[in-house]
Amino acid sequence: MAEMKPPRAETPAVSGVLPRAIHLVPLDLIAGFEVRPGFYDINGATAIPGGVNFTVHSRGATSVELLLFHREQDEPFAVLPFPEHYRIGNVYSMIVFKLNIQEFEYAYRVDGPYEPERGLIYDKTRYLLDPYAKAVTGQSGWGKTQPHGQHYKARVVKDDFDWGSTRNPLIPMEDLIIYELHVRGYTMDDSSNVRCPGTFAGLMEKLPYLEELGVNAVELMPIFEFDEMLDYREVDGQKLYNYWGYNTVSFFAPNTSYTASAEYNREGNELKRFIQACKQKGIEVYLDVVFNHTAEGNEMGPFFSFKGFDNNIYYLLTPEGYYYNFSGCGNTLNCNHPIVHQMILDCLRYWVTTYRVDGFRFDLASILGRDENGAPMVSPPLLQAMAFDPILGDVKLIAEAWDAGGLYQVGSFPAWNRWAEWNGRYRDDMRRYIKGDEGMAQAAALRLTGSKDLYDTQARRNASVNFLTCHDGFTLHDLYAYNDKHNEKNGWNNTDGANDNNSWNCGVEGETDDPGVNALRERMVRNAITLLMCSRGIPMFLAGDEFGNTQHGNNNAYCQDNATSWMDWSLLEKNRGLFEFFRYMIRFRKAHRVLRANTNNGACGFPDVSFHGTAPWKEEFGGHDHYVGVMFAGWERESGPQVVYVASNAYWCELEAELPQLPASMSWHLVVSTWQEEQGAYLQRGNRFTIGPRSVLVFEAK
């Protein structure tokens, strides 16, 4: 019970004179602590002069208690119930004076009705993690199971990081080259030769490499606090974790197991230093965020935060009180409920203002457009709010425009001319075309030129994020080394992972010493990256593809915290030629704006974009065509006209082809050939040329 004290008198303002500063003073005593009502509009726990402000909300709670713990202790040393008059609406707020943030951790207990059929499962015995926690304890050591009885708790974070004059690069969408990586897997292997493997500091050590490669945007797979021990298993003696991180515990807290050293009450500083260093190198940093579900799972899952505060608000529930599962992970966040909507916006603003994040990739983003019954909405309030939010005004918003419930919105995602999309159609169509499938030439031509069949307005010209590989699926090396997935090590009898990979093993399944097969595989990889870098839209590729990293045929390595998923940096030297080719193609794209954007209605009498068969000026392609020629033409202020012709032959025989006729003052020059051993054999006979089987040539008019 609260021990009441009379309020202290305040000095009234004297007419014509501003009142003197009024300092916060304690009004009550609870559990031996001096307290007073707090700041109701500041969610979470915030250090203020003289104490800490705790604010939390619950619509259905009948009472809320604040629990204070000594560091790393399981039982609280103090329990502070919120008095009824410390509640306004559904918000509970209290300032606790004379707390040293370095000496405690905190959690909550929430009481309320228990009616599971209505989605109400309040349980006053549960210790609950603050949904707005800025740092989480209890899961800081990677791969360590929490001791029995231990609970997630939060720390108060002191945000005093000095960003100095650091500015965001603000790279135009059409100029981006996105590089997707996993923080732990990128440097965890001994071959990475970093001092702090598997950490943000390890990434910092690889910044010179990222500069050398030439990418200008790094997309980090989930770094919000997650529980890698969720569904932990051992298969054939191999420890399997929830390695990728798509099971969020706390949306506002960085994963503390990704730091090289403990950052008590300054959690996030190591990540901030990495982001700051990237910006100084002109590299943007994007976060892969998971707002479609949480680590609490379904009825059989853990109960540590959202379920205890307002289960029927935070999650989509059936009329019987069970969890809808549009995420494929047990539950689905109720994203367009005003409370969840507000939390997600608060979260994004926090990462942009406190961590200076440049963009977000939204996992299973179609869920963010479902209503409280799970139905797709025409104009989802959350997506619209993100598109127009002032704090997010310069931030890149990238949607994985589908979900596990069958909703597929590539080309139709509610965008307000702000959202870009992972173009799954690009991946599927280009994979099929490159490996030689019948009937794919017309689709390939459309994908190479910006997918105008999907993004048909000027405002959406930069909406397509083109990719052939990402974390989910084969690496680029494996795409041409395996016909079938090989996920046996995952422990599900090879039933998990996608079956429609559109891959081709080039005649031998898996690794081989056959020089002919290996040469063909490398040529296929070069074909893929050449076409990706010569496509209108935003190119993205998976870390390690640039030097032939392999997952040995595993296309769903979500649980493989080992050599299967870790980058093997020894391949960088082994495949140095491939790496240099990637570097060259990145530089080539950067040097030719005509590949990235319409540069003012063409040049040299040519249209901006044109299609060509083995003979010039072919408007459409037939079902048996395997050759696609695409020409881009435009003007650059400094260099004048730019004309680039991309010739791709997905056929298994060489072909004779002809280039369009140039103005008399210009001639065609071969600048890229994926068939290295015959690069010198392409002799121009007028505008005619020979293109080898399964190869790509790029010509430039000079």
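Attention here is on the structure that accompanies the text. (Residues numbered from 1 in each chain as written. Predicted model: local features only at pLDDT ≥ 70, side-chain atom pairs only at ≥ 80, totals over all residues. Heavy atoms only, no water.)

1. Regarding the side chain of His-471
- Within the secondary structure layout, His-471 lies in the loop between strand S25 (464–467) and helix H10 (476–479).
- Relative accessible area serves as the criterion here: at 7%, His-471 is assigned to the buried category.
- Engagement of the side chain of His-471 in a polar contact is seen with the side chain of Tyr-246, the distance being 3.1 Å.
- Excluding its chain neighbours within four sequence positions, the residues that come into contact with His-471 are Glu-180, Met-221, Trp-244, Tyr-246, Asp-288, Arg-361, Trp-422 and Leu-542. (Helix = DSSP H or I, 4+ residues; strand = E, 2+ residues; numbered from the N terminus. Buried < 20%, exposed > 50% of the residue type's maximum accessible area, 1.4 Å probe, protein only. Polar contact = N/O pair within 3.5 Å; in protein donor to acceptor, adjacent residues only side chain to side chain. Contact = heavy atoms within 4.5 Å.)

2. A closer look at the pairing of strand S16 (residues 217–220)
- Residues Ala-217 and Glu-219 line one face of S16 and the alternating positions Val-218 and Leu-220 line the opposite face, and both faces are buried.
- Pairing analysis gives 4 bridges linking S16 to strand S21 (residues 284–289), with the strands arranged parallel. If you follow Leu-220 over to S21, its bridge partner there is Leu-287. (Pairing = 2+ DSSP bridges.)

3. Structural notes on the nonpolar core
- Grouped together as the largest cluster of nonpolar side chains are 196 residues, with contacts concentrated most on Phe-54, Tyr-179, Leu-220, Trp-351, Phe-362 and Met-386.
- Once residues lying within four places of it in the same chain are set aside, the contact partners of Trp-351 are Ile-223, Phe-224, Phe-251, Phe-252, Ala-253, Pro-254, Leu-271, Leu-287, Arg-356, Val-357 and Phe-360. (Core = buried A, V, L, I, M, F, W, Y, C linked by side-chain atoms within 4.5 Å.)

4. Here we look at the packing of helix H11 (residues 515–533) against helix H13 (residues 576–591)
- For the pair H11 and H13, interaxial distance at closest approach is 9 Å and the crossing angle is 15°. Put simply, H11 runs roughly parallel to H13. Pair H11 / H13 crosses with right-handed handedness. Of the residues in H13, those touching H11 at Glu-522, Val-525, Arg-526, Ile-529, Thr-530, Leu-532 and Met-533 are Gly-577, Leu-578, Phe-581, Phe-582, Met-585, Ile-586 and Arg-589. (Axes fitted to C-alpha atoms, helices over the stretch in contact; angles between N-to-C directions. Parallel < 35°, antiparallel > 145°, perpendicular 65-115°, else oblique. Left-handed = near helix turned anticlockwise from the far one by under 90°.)

5. Quick notes on the packing of aromatic side chains
- All told, the structure shown has 52 aromatic pairs when counted by the stated rule.
- Judged by centre distance (5.3 Å) and plane angle (70°), the rings of Phe-54 and Tyr-106 are edge-to-face. Taken together, the residues Phe-54 in strand S5 (residues 51–57) and Tyr-106 in strand S10 (residues 105–111) connect sequence positions 52 residues apart.
- Judged by relative accessible area, Phe-54 falls into the buried class, the value being 0%.
- Residue classification places Tyr-106 among the buried residues on the basis of a relative accessible area of 1%.
- Ring geometry for Phe-251 against Phe-291: centres 5.1 Å apart, planes inclined by 25°, an arrangement best described as stacked. Highlighted residues: Phe-251 in strand S20 (residues 248–254) and Phe-291 in the loop between S21 and helix H5 (306–314), separated in sequence by 40 residues. Each member of the pair, Phe-251 as well as Phe-291, carries the same accessibility label: buried.
- Positioned above the aromatic ring of Trp-569 is the side chain of Lys-206, whose terminal nitrogen or guanidinium carbon lies 3.8 Å from the ring centre. (Phe/Tyr/Trp six-rings, centres within 6.5 Å; stacked < 30°, edge-to-face > 60°. Lys NZ or Arg CZ within 6 Å of the ring centre and 35° of its normal.)

6. Focus: unusual backbone geometry
- Even without a glycine there, the phi angle at Lys-98 is positive, about 60°.
- The residue Lys-98 is located in the loop between strand S9 (91–97) and S10 in this model.
- Although it is not a glycine, Cys-506 sits at a positive phi angle of roughly 60°.
- Tracing the chain through its elements places Cys-506 in the loop between H10 and H11.

7. Looking at the sheet that holds strand S29 (residues 640–649)
- An order of S27-S28-S29-S33-S31 is seen for the 5 strands of this open sheet, with the pairing classed as antiparallel. At either margin of the open sheet sits one strand with a lone partner, and together these are strand S27 (609–612) and strand S31 (668–673). Direction aside, neighbouring strands of the sheet carry axes that sit 20° apart on average.
- Its contacts with the sheet put H11 on S29, S31 and strand S33 (695–701), and the angle it makes with S33 is roughly 40°.

8. Let's talk about the side chain of Thr-550
- Counting through the fold element by element, Thr-550 comes out in the loop between strand S26 (538–542) and helix H12 (570–574).
- Within polar-contact distance, the side chain of Thr-550 engages the backbone nitrogen of His-552 at 2.8 Å.
- Residues in contact with Thr-550, not counting those within four places in the same chain, are Thr-475, His-477, Asp-478, Glu-511, Thr-564 and Leu-571.

9. Focus: the environment of Met-567
- Counting through the fold element by element, Met-567 comes out in the loop between S26 and H12.
- Assessed through its relative accessible area of 4%, Met-567 is described here as buried.
- Along the chain, Met-567 and Glu-284 lie 283 residues apart, while their C-alpha atoms are 22 Å from each other.
- Leave out the neighbours within four places in its chain, and Met-567 touches Tyr-179, Gly-185, Tyr-186, Asp-189, Ser-191, Ala-543, Gly-544, Phe-547 and Asn-549.

10. Side note on the sheet that holds strand S22 (residues 359–362)
- With respect to topology, 8 strands assemble into a closed barrel ordered S15-S16-S21-S22-S23-S24-S25-S26, the strand pairing being parallel. When the angles between neighbouring strand axes are averaged without regard to direction, this sheet yields 25°.
- Here 4 bridges tie strand S15 (residues 178–181) to S16, and the two strands are oriented parallel to one another. Bridging across to S16, Tyr-179 finds its partner in Val-218.
- Where helix H7 (residues 381–388) meets the sheet, its contacts fall on S22, strand S23 (396–399) and strand S24 (419–422), and the angle it forms with S24 comes to roughly 115°.

11. Structural notes on the environment of Ile-398
- Assignment of secondary structure puts Ile-398 in strand S23.
- Using a relative accessible area of 1% as the deciding quantity, one classes Ile-398 as buried.
- Setting aside residues up to four positions removed in sequence, Ile-398 forms contacts with Ile-178, Tyr-286, Phe-360, Arg-361, Phe-362, Trp-419, Ala-420, Glu-421, Trp-422 and Val-465.

12. Describing the pattern of salt bridges
- Within this structure, the stated rule accounts for 38 salt bridges.
- One salt bridge connects Asp-561 with Arg-184, and the closest N-O pair in it is separated by 2.9 Å. Placement of the pair is Asp-561 in the loop between S26 and H12 and Arg-184 in helix H1 (residues 183–187), with a sequence separation of 377 residues. Arg-184 carries the same exposure label as Asp-561, and that label is buried.
- The shortest N-O distance in the salt bridge between Glu-205 and Arg-195 comes to 3.7 Å. On the criterion of sequence distance, the pair formed by Glu-205 in helix H2 (residues 200–205) and Arg-195 in the loop between H1 and H2 is long-range, its members being 10 residues apart.
- Using a relative accessible area of 22% as the deciding quantity, one classes Glu-205 as partly exposed.
- The exposure class of Arg-195 is exposed, given its relative accessible area of 71%. (Salt bridge = Lys/Arg side-chain N within 4 Å of Asp/Glu carboxyl O.)

Function-wise, these values are silent; they only describe arrangement.
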